[in-house]
Amino acid sequence: MQLYPSLITDALATVRYPGSGKNIVEAEMLADDIRIDGNKVSFTIIFDKPTDPFMRSLVKAARTAIHTHVSPEVEVTVNTASRQPAPKPIPVLPGVKNIIGVSSGKGGVGKSTVAANLAVALARDGYKVGLLDADIFGPSMPKMFGIEDEQLFIHEVDGRQMIIPVERFGVKILSIGFLVDKDKAVLWRGSMASNALKQLITDADWGELDYFLIDMPPGTSDIHLTLVQTLAMTGVVVVTTPQEVALADARKGIAMFMEDKINVPILGLVENMAYFTPAPHPDERYYIFGREGGLKLADRLGVRLLSQIPLVAGIAESGDAGHPIALAESLSGMAFNHLAHEVIDAVNTRNSTLPPTIKVELKK
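Residues numbered from 1 in each chain as written. Predicted model: local features only at pLDDT ≥ 70, side-chain atom pairs only at ≥ 80, totals over all residues. Heavy atoms only, no water.

(A) Examining a nonpolar patch on the surface more closely. Together, Phe 276, Tyr 286 and Ile 288 give the surface a local cluster of nonpolar side chains, amounting to about 290 Å² of exposed area. The topology assignment puts Tyr 286 in the loop between strand S12 (266-271) and helix H8 (293-301). Judged by relative accessible area, which is 42%, Tyr 286 ranks as partly exposed. (Patch = residues over 30% accessible without salt bridge, like charges linked within 9 Å, V, L, I, M, F, W, Y side chains within 5 Å. Areas by Shrake-Rupley, 256 points an atom, 1.4 Å probe, with all protein chains shown as cover. Salt bridge = Lys/Arg side-chain N within 4 Å of Asp/Glu carboxyl O. Helix = DSSP H or I, 4+ residues; strand = E, 2+ residues; numbered from the N terminus. Buried < 20%, exposed > 50% of the residue type's maximum accessible area, 1.4 Å probe, protein only.)

(B) The arrangement of the sheet that holds strand S4 (residues 96-104) in detail. One open sheet holds the 8 strands; their spatial order is S8-S9-S5-S10-S4-S11-S12-S13, and the pairing between them is mixed. With partners counted over all chains shown, the strands left at the sheet margins are strand S8 (166-168) and strand S13 (305-308), one partner each. With strand direction ignored, the average angle separating the axes of adjacent strands in the sheet is 25°. The strands touched by helix H7 (residues 244-258) are S4, strand S11 (235-240) and S12; relative to S11, the strand with the most contacts, the crossing angle is about 170°. (Pairing = 2+ DSSP bridges. Axes fitted to C-alpha atoms, helices over the stretch in contact; angles between N-to-C directions. Contact = heavy atoms within 4.5 Å.)

(C) Structural detail: the side chain of Asp 249. As for its placement among the helices and strands, Asp 249 is situated in helix H7. When its relative accessible area of 19% is taken as the criterion, Asp 249 is described as buried.

(D) Inspection of the pairing of strand S5 (residues 129-133) at higher detail. Counted residue by residue, S5 has 5 buried out of 5 residues, so it is predominantly covered. Across the two faces of S5 the burial is the same, with Val 129, Leu 131 and Asp 133 and Gly 130 and Leu 132 all buried. Across 5 bridges, the pairing between S5 and strand S9 (residues 171-175) is parallel. Looking across to S9, one finds that Leu 132 is bridged to Leu 174. Where S5 lies against strand S10 (residues 209-215), 5 bridges are found, and the strand directions are parallel.

(E) Geometry of the nonpolar core. Membership of the largest hydrophobic core comes to 82 residues, with the highest contact counts inside it found for Leu 132, Phe 145, Val 171, Phe 212, Ile 214, Met 233 and Phe 257. In terms of residue count, the dominant contributor to this core is helix H3 (residues 111-124) (9 residues). Of all hydrophobic cores here, the second largest spans 24 residues; its members include Ala 11, Ile 24, Met 29 and Leu 30. (Core = buried A, V, L, I, M, F, W, Y, C linked by side-chain atoms within 4.5 Å.)

(F) Molecular detail of the packing of helix H1 (residues 5-12) against helix H2 (residues 55-69). Where H1 contacts H2, the axes come no closer than 8 Å and their chain directions differ by 120°. As judged from the angle between their axes, H1 and H2 are oblique. Handedness of the H1/H2 crossing: right-handed. Where H1 approaches H2, its residues Ile 8, Ala 11 and Leu 12 are matched on the opposing element by Ala 62, Ala 65, Ile 66 and His 69. Across the contact of H1 with H2, the residue classes break down as 6 nonpolar, 1 polar and no charged. (Parallel < 35°, antiparallel > 145°, perpendicular 65-115°, else oblique. Left-handed = near helix turned anticlockwise from the far one by under 90°. Nonpolar A, V, L, I, M, F, W, Y, C, P; charged D, E, K, R; others polar.)

(G) Main features of unusual backbone geometry. The residue Asp 158 is not glycine, and still its phi comes out positive at about 50°. Here Asp 158 is to be found in the loop between strand S6 (153-157) and strand S7 (160-164). Classification of Asp 158 as exposed rests on a relative accessible area of 80%. Of note in this structure, Met 273 is not a glycine but carries a positive phi near 55°. Locating Met 273 in the fold gives a position in the loop between S12 and H8.

(H) Geometry of the packing of aromatic side chains. In total, this model carries 5 aromatic pairs according to the counting rule given. When the ring of Tyr 17 is compared with that of Phe 54, the centres are 5.6 Å apart and the planes differ by 90°; the resulting orientation is edge-to-face. Within this pair, whereas Tyr 17 is found in the loop between H1 and strand S1 (35-37), its partner Phe 54 is found in the loop between strand S2 (40-47) and H2, the two being separated by 37 residues in sequence. Between Tyr 127 and Tyr 211 the ring centres are 5.4 Å apart and the planes differ by 80°, which places this aromatic pair in the edge-to-face class. Taken together, the residues Tyr 127 in the loop between H3 and S5 and Tyr 211 in strand S10 connect sequence positions 84 residues apart. In this structure Tyr 127 comes out as partly exposed when scored by relative accessible area, which is 31%. Taking the ring centre of Tyr 275 as reference, the NZ or CZ of Arg 285 above it sits at 3.9 Å. (Phe/Tyr/Trp six-rings, centres within 6.5 Å; stacked < 30°, edge-to-face > 60°. Lys NZ or Arg CZ within 6 Å of the ring centre and 35° of its normal.)

(I) Just the pattern of salt bridges, in detail. Tallied over the entire structure, the rule returns 9 salt bridges. The salt bridge partner of Asp 249 is Lys 252, with a shortest N-O separation of 4.0 Å. With Asp 249 and Lys 252 both in helix H7 and 3 residues apart, this pair spans about one turn of that helix. Since its relative accessible area comes to 57%, Lys 252 is described here as exposed. Ionic contacts of the salt-bridge type, sharing partners, join the residues Lys 111, Asp 135 and Asp 215 into one network.

(J) Looking closely at the packing of H3 against helix H10 (residues 331-353). Interaxial distance between H3 and H10 falls to 9 Å at its minimum, and their mutual angle equals 80°. It follows that H3 is roughly perpendicular to H10 by the angle criterion. On H10, the residues touching Thr 113, Val 114, Asn 117, Leu 118, Ala 121 and Leu 122 of H3 are Phe 336, Asn 337, Leu 339, Ala 340, Val 343 and Ile 344. Its residues assigned to classes, the contact of H3 with H10 shows 9 nonpolar, 3 polar and no charged.

In structure tokens form, the structure reads like this:
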């Protein structure tokens with residue numbers, strides 16, 4: 001069968017646009033670009049808006065009209081265009097310069113303690129810092145900052161109702177712990193947890209920040225994927241302890257972020273509980289959990305060892321008291337101050353040597 005543009009136009013004149021009741025030819029929705037190649041036909045339907053609710057159904061109706069009124073053997077390609085440009089996506093956290101995940105391969109290595117004290121140390125250096133407690137099933141930041149009983153408030157920003165983060169020690173903080181009973185387990189399916197986390201990111205007034213730290217859940221999970229798909233992360237700090245079981249899990253966590261589909265830069269490794277020094281003998285070191293396992297792992301993987309944090313009872317006690325030890329003028333406080341400087345240097349190096357971060361797009 002020989003195909004002509006008039007055959008195609010006549011067939012499409014039987015397709016009515018539900019919004020006006022006119023056929024798409026009469027409504028001037030058919031572009032002047034009908035192409036015929038043998039039994040192949042292509043054309044474009046023009047909509048007023050790129051989000052037209054009838055777009056999908058109209059494309060299907062146009063294809064059916066060609067098969068019904070011309071021939072079922074015709075291969076039909078229907079393109080769409082709009083008279084209005086597609087709306088620009090609203091950037092997530094437009095006022096934030098650097099987004100840093102604090103991660104660990106397993107629980108119990110002091111990841112949250114490192115995240116809390118790193119945030120405080122950065123704030124003490126004069127930086128604008130935000131901290132998101134993304135450990136949905138074990139939120140600990142309200143306890144560590146002494147703000148368990150704080151209530152969240154909302155105000156309007158550019159016509160939107162936004163959550164106001166709680167500010168403590170110069171750090172803006174949000175945690176799912178503010179929204180649930182601290183004495184009850186959080187029983188959520190993965191999608192519920194991911195949606196709650198997105199709300200704490202996108203519906204909060206974080207404002208201008210130099211560093212936005214995210215205390216991630218231990219291991220690898222849907223929450224990690226939600227974070228890298230929601231935010232363009234500058235990089236990740238991985239926390240481990242020196243023993244082999246922790247190092248093996250840290251290695252898996254690093255491998256996840258370095259995977260081609262994820263490709264989030266590793267800023268470096270923190271070896272927590274690296275050694276124990278008794279207070280009466282400050283020159284002595286006891287390697288209770290193994291010696292320099294973090295250093296060896298960093299060398300093996302070609303990542304930076306940011307710091308070796310000693311095992312000191314005061315670090316945990318300060319966290320339990322809601323007063324992070326990075327606030328203290330002590331050897332432990334200085335250790336986290338040193339870590340902050342190393343992270344700043346790692347971020348600056350990353351930003352000067354790698355292209356800007358983009359959100360991860362995972363195709364189904």
